[in-house]
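Letter by letter, the chains look like this.
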Amino acid sequence: MLEQDTIISLATNAGESAIGLIRVSGGLCKKLCKEIFGVASPTPRRSNLKNYISIKGKLIDQVIFVFFEKGKSYTGEEIIEIAFHGNPLIANQILNDLIERECRLANPGEYTKRAFLNGKIDLSQAESVAQLISAKSEVELEIANSHLLGNLSKTLTGIQSKLLSLQAKFEASIDFPEDEISEQHSEQTLAEIDSIPLIIND
């Protein structure tokens, strides 16, 4: 796990809505649960209805928060998701309060970057998140979802295994030229080479 700043962001639309969501990720999450909500040891993945009390002792809103433990969250870090009444004024008050508590605003894509760096997703899955968000058609959504599930990674791993196997065969034929390679073996090797582009096209 990488130890980094605790980051925050508004996870929903910045306008008025019934519910807004702020996501917090990093090592300060348990401390924030205690200081803001009075819950020192939050039960992971359980919804809690609490008052959000600012660092200055002011009631900002009645919210629902959910704590996700380290290693079992999207980023691999401790996470808090805070659902509040969807007024931009409330959102700004909560964000500003969290900044006063030594959090910082997340950079674009930083949650997914941390998930990748902490080994929660691989590179193709990380890239598929951006593809999923920017998809303009159902076909693009299907492709992005397939990549997010790791299907592209499985395909690439299969290709890698085939290439390593072929490499080992070629190296053996170079190292031991006295061993005669049968015609059938040669045909099998050529068939394996021909199959690789077909796997990529799938």
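For the structure, check the block above.
Residues numbered from 1 in each chain as written. Predicted model: local features only at pLDDT ≥ 70, side-chain atom pairs only at ≥ 80, totals over all residues. Heavy atoms only, no water.

Q: What is the right way to read unusual backbone geometry from this model?
A: Of note, the phi angle at Arg 45 is positive, near 65°, even though the residue is not glycine. For Arg 45, the location among the structural elements is in the loop between α1 (29-37) and β3 (48-53). Here Glu 102, not a glycine, exhibits a phi torsion of approximately 80°, which is positive. With respect to the element layout, Glu 102 can be found in the loop between α2 (88-100) and β6 (104-105). (Helix = DSSP H or I, 4+ residues; strand = E, 2+ residues; numbered from the N terminus.)

Q: Please explain the pattern of salt bridges as it appears in this structure.
A: A side chain with one charge may pair with a side chain of the opposite charge, provided their charged atoms come close. Applying the stated criterion across every chain, the model contains nine salt bridges. With a closest N to O distance of 2.8 Å, Arg 101 and Asp 97 form a salt bridge. You can call Arg 101 buried: its relative accessible area is 9%. When the shortest N-O distance is used, the salt bridge between Glu 110 and Arg 114 registers 3.2 Å. Note that Glu 110 and Arg 114 are positioned in helix α3 (residues 110-117) at a spacing of four residues, about one turn of the helix. In this structure, a network of salt bridges that share partners links the residues Asp 5, Glu 77, Arg 104, Glu 110 and Arg 114. (Salt bridge = Lys/Arg side-chain N within 4 Å of Asp/Glu carboxyl O. Buried < 20%, exposed > 50% of the residue type's maximum accessible area, 1.4 Å probe, protein only.)

Q: Sorry, what's going on with the environment of Pro 108 here?
A: With respect to the helices, strands and loops of the structure, Pro 108 is situated in the loop between β6 and α3. Separated by 99 residues in the primary sequence, Pro 108 and Ser 9 have C-alpha atoms spaced 9.5 Å apart.

Q: Is there a simple way to explain empty space enclosed by the protein in this structure?
A: Left-over empty space is what a probe sized like a water molecule reveals as it rolls over the atoms. Summed over the entire model, instances satisfying the criterion amount to one cavity of 30 Å³ or more. In this structure, the largest cavity encloses a volume near 40 Å³. Lining the largest cavity, in full, are Leu 10, Thr 12, Asn 13, Ala 14, Gly 15, Ser 17, Gly 20, Phe 84, Gly 86, Asn 87, Pro 88 and Ala 91. Of the residues assigned to the lining of the largest cavity, the class counts are five nonpolar, seven polar and no charged. (1 Å grid on protein atoms, 1.4 Å probe; cavity = no way out; pocket = protein on both sides within 12 Å on 5 of 7 lines; lining within 4 Å. Points joined across faces, edges and corners; volume = space filled by probe spheres on them. Nonpolar A, V, L, I, M, F, W, Y, C, P; charged D, E, K, R; others polar.)

Geometric values such as these leave the question of function open.
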